[in-house]
Amino acid sequence: MFEKNGKFNLIENNVTYTLDKIVELPYNKDLTSIVVNCSSDNEKLVSKMLHALYVGQHLDIPVIFNRTNQQINFHNIPKKFSVGLFTSGTTGTPKLIFHLLSDLLPRTNQSINNFRWLLCYHPMSFAGLQVILQAVISNNVLVVDVDANVTKKAQLACQYNIDAISATPSLIRSFLLSWTKQLPPLKTITLGGEIATQAILDALKSTFPDAKLRHIYATTEAGVVFTVKDGIAGFPLEWRNSHLNGWELTFDESLVLHKKDITIKTGDTVKIIGNRVYFIGREDNIVNIGGVKVNLEDIEQKILSLDEVIDARVYAKSNPITNAIVCAEIATHDESKARAALATLNNNLDNAAKPRIVTFVTNISLTEAGKKLRKV
Amino acid sequence: MKNLKNLIIEKTRKIITEKGVDCPTITLNSEFLNDLPMDSLDLATLIVSLEISTGLDPFRDGFKTFHTVDELINLYTEANS
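Residues numbered from 1 in each chain as written. Chains lettered and ligands numbered in written order. Predicted model: local features only at pLDDT ≥ 70, side-chain atom pairs only at ≥ 80, totals over all residues. Heavy atoms only, no water.

The next subject is the environment of A:V270. Residue and element names in this part refer to chain A. Topologically, V270 is positioned in strand β17 (residues 262-273). We classify V270 as buried; its relative accessible area is 8%. With 10 residues separating them in the primary sequence, V270 and I280 have C-alpha atoms 5.4 Å apart. When near neighbours in sequence (up to four residues on either side) are disregarded, V270 contacts F251, D252, E253, S254, V277, Y278, F279 and I280. (Helix = DSSP H or I, 4+ residues; strand = E, 2+ residues; numbered from the N terminus. Buried < 20%, exposed > 50% of the residue type's maximum accessible area, 1.4 Å probe, protein only. Contact = heavy atoms within 4.5 Å.)

What follows is the structure, encoded as C-alpha cells:
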C-alpha cells in the first residue's frame with residue numbers, strides 16, 4: 001500500500017506531508033500492537049494514523065484506532081496486521097471490530113484520476129478511513145483538518161480546489177448553505193451514513209451537473225454493501241435476494257444482510273414503491289442527526305433521572321438541514337429548577353443529542369396506543 | 001402573522017445568545033453559517049422553531065438552498081403567499 005516515491009500528498013492543517021516523510025519516522029521494533037488515541041489536539045492525527053498503518057503492516061501487528069478512548073482488552077486482539085475500529089456505540093457499548101486492510105480498500109482503482117479529496121468523516125470511522133486509504137493508494141491529494149467545523153471545511157474545499165468528496169447528506173446540505181461566493185470544482189460526490197433523499201440528490205445534480213454522484217449503503221460490521229450510481233434515491237428492487245459485495249439482501253420491513261453463517265439485522269426500515277426500495281428510517285428509537293446516530297430513549301432516561309423531572313418525552317422533529325433535531329417535552333413541578341438541571345445534563349451530551357426545543361407541560365402527550373410519540 | 005423579518009431575526013438572536021456567545025448585529029445580508037456564530041444544528045433549530053411558530057414549512061417539497069437572512073425571509077414569504 002505504501003508505494004515509495006508515490007505522489008500521495010497529505011495536507012493536514014495546512015502542512016503538506018509526502019508519504020516518504022510520514023513513513024521515515026522512527027518506531028520501536030519490539031511493538032506487539034499499536035494504539036492511536038484521539039486527543040483534544042488532533043493537529044497531526046491522520047499523519048500519526050498513516051505512520052501506525054505503515055509500522056503495523058511492516059511488523060505484521062494489529063493497529064487500533066481508538067476514537068473515543070475506550071478500554072482495550074489486549075488478550076482478545078488478533079496477532080497479525082489488521083485494523084481495529086470502534087463502532088459508534090449508539091446501540092450499546094462501543095465494540096472493537098478488526099478489519100483486514102483488503103476490506104477497507106476501495107474495490108475500484110481510481111489512480112488514473114488525480115483527485116483532491118477533503119476528509120469530511122472522522123478519520124477513525126470506517127468511512128473516514130476508507131477515504132484516507134482511497135487517496136493513499138490512488139496517489140491522490142488528501143486535505144484534512146480533523147477539528148474544523150462545517151464552515152471551515154466548506155472554506156477548505158474552495159481553498160484547495162477539492163474535486164472529490166465523500167460525506168453524509170447532512171454535511172453536504174450544510175456545505176451548500178455555506179458556499180456562497182465560490183463553489184469547489186467537484187467531480188465526484190459520494191453520499192453515505194444516512195438516507196440520501198431525492199431532494200439532496202437533485203440539489204447536487206443541479207449545483208454540480210458534471211459531477212459523478214453516487215450514494216452508498218454501509219455498516220461498520222458489513223463494510224460497504226452496495227453503491228447506487230443512477231442518481232435516484234433508494235435502490236433497485238431487483239437487488240432483493242441478490243449478492244452484493246458478498247452480502248445477500250433480504251427485507252420485509254427492514255433490511256437484513258446474510259453472508260454464510262452471519263446475519264446482520266440492520267434495523268433500517270424500507271418501503272417498496274414500484275421497482276424501487278426506499279429507506280424510511282429505523283425500527284428502533286435511533287435517529288440520524290446531522291450524520292450522528294442518536295438514541296432517543298437513552299436521552300430520555302438521562303432526563304428522567306433528574307430529580308426535578310416527573311416525566312419526559314424525547315422525540316425527533318424532522319428538518320431539511322440535519323434530517324432531524326432532538327426535542328423534549330418535560331413534566332415538572334418546578335420549571336426553573338428543571339431548566340437548570342437540564343442545562344447541566346446538556347453539558348455532558350454530544351452536540352447532536354442535546355434537546356434543542358424543550359417544552360414544559362403538565363402531562364406528557366401519548367399516542368392513542370398510550371406510547372410516547374418519537375418522531376414528528 | 002407577526003412580521004416575518006422580525007420573527008426570524010428575533011429567533012436567530014435567541015438561538016445564538018442561548019449558546020452563551022455574543023450575538024453580532026444581524027442584518028438582511030448576514031450569512032447564517034459564515035457571518036453568525038451558528039452551526040448547522042443551530043440553523044436546523046431555527047427552521048423547526050419557525051415552523052412551530054408560523055405553521056409554515058417552505059421546505060415541504062424538498063431541500064432549498066439559502067445563505068442570508070433575506071433569502072430565508074423570502075422563502076417564508078413565498079410559503080405564506
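Further remarks concern the sheet that holds strand β12 (residues 223-228) of chain A. Residues and elements named next belong to chain A. Taken in spatial order, the 8 strands line up as β2-β1-β8-β7-β9-β10-β11-β12 in an open sheet, and their pairing is mixed. The open sheet has two free edges, formed respectively by β2 (15-18) and β12, since each of these has just one partner strand. Adjacent strand axes in the sheet meet at a mean angle of 25°, parallel and antiparallel pairs treated alike. Bridging between strand β11 (residues 212-219) and β12 involves 5 bridges; their strand directions are antiparallel. Bridge pairing in β12 places T219 opposite G223. Sitting on the sheet, helix α4 (residues 126-137) touches β7 (116-119), β8 (141-144), β9 (164-167) and β12, and the angle it makes with β7 is about 155°. Of the strands in this sheet, β7, β9 and β10 (188-191) are in contact with helix α6 (residues 169-178), which crosses β9 at around 125°. (Pairing = 2+ DSSP bridges. Axes fitted to C-alpha atoms, helices over the stretch in contact; angles between N-to-C directions.)

Residues and elements named next belong to chain A. The strand order across the open sheet built from 3 strands is β21-β22-β23, with neighbouring strands paired in mixed fashion. Edge positions in the sheet fall to β21 (309-319) and β23 (357-361), since each of these pairs with one other strand and no more. Neighbouring strand axes in the sheet, compared pairwise and without regard to direction, differ in orientation by 20° on average. Where strand β22 (residues 323-332) meets β23, 5 bridges bridge the pair, whose relative direction is parallel.

For the rest of this paragraph, the subject is the pattern of salt bridges. Any two side chains of opposite charge can pair, on the condition that their charged atoms come close. All names here are of chain A. Tallied over the entire structure, the rule returns 14 salt bridges over all chains. Measuring nitrogen to oxygen at the nearest pair gives 3.7 Å for the salt bridge that ties K205 to D202. You can see K205 and its partner D202 sitting in helix α7 (residues 198-207), 3 residues apart, about one turn around the helix. Measuring nitrogen to oxygen at the nearest pair gives 2.8 Å for the salt bridge that ties D284 to R282. On the accessibility criterion, D284 (25% relative accessible area) is partly exposed. Salt bridges linked by common partners bring D268, R282 and D284 together as one network. (Salt bridge = Lys/Arg side-chain N within 4 Å of Asp/Glu carboxyl O.)

On to the layout of surface pockets, then. Estimated volume of the second largest pocket: approximately 930 Å³. Residue lining of the second largest pocket: 23 residues in total, with A:P355, A:R356, A:I357, A:V358 and B:E18 positioned closest to the centre. Elements with a minimum of two residues in the lining of the second largest pocket: α9 (335-347) and β23 of chain A together with α1 (4-18) and α3 (40-54) of chain B. Its residues placed into classes, the lining of the second largest pocket shows 8 nonpolar, 6 polar and 9 charged. (1 Å grid on protein atoms, 1.4 Å probe; cavity = no way out; pocket = protein on both sides within 12 Å on 5 of 7 lines; lining within 4 Å. Points joined across faces, edges and corners; volume = space filled by probe spheres on them. Nonpolar A, V, L, I, M, F, W, Y, C, P; charged D, E, K, R; others polar.)

Moving on: the domain arrangement of chain A. All names here are of chain A. Segmentation of chain A into domains returns domain 1 (9-281) and domain 2 (286-361). Of note, the centres of domain 1 and domain 2, computed from C-alpha atoms alone, are 29 Å apart. At the interface, 9 residues of domain 1 touch 12 residues of domain 2. Counting the surface lost from both domain 1 and domain 2, the interface buries some 720 Å², and carbon and sulfur atoms represent 54% of this. (Domains from an automatic or database assignment. Buried area = accessible area lost by both parts, 1.4 Å probe.)

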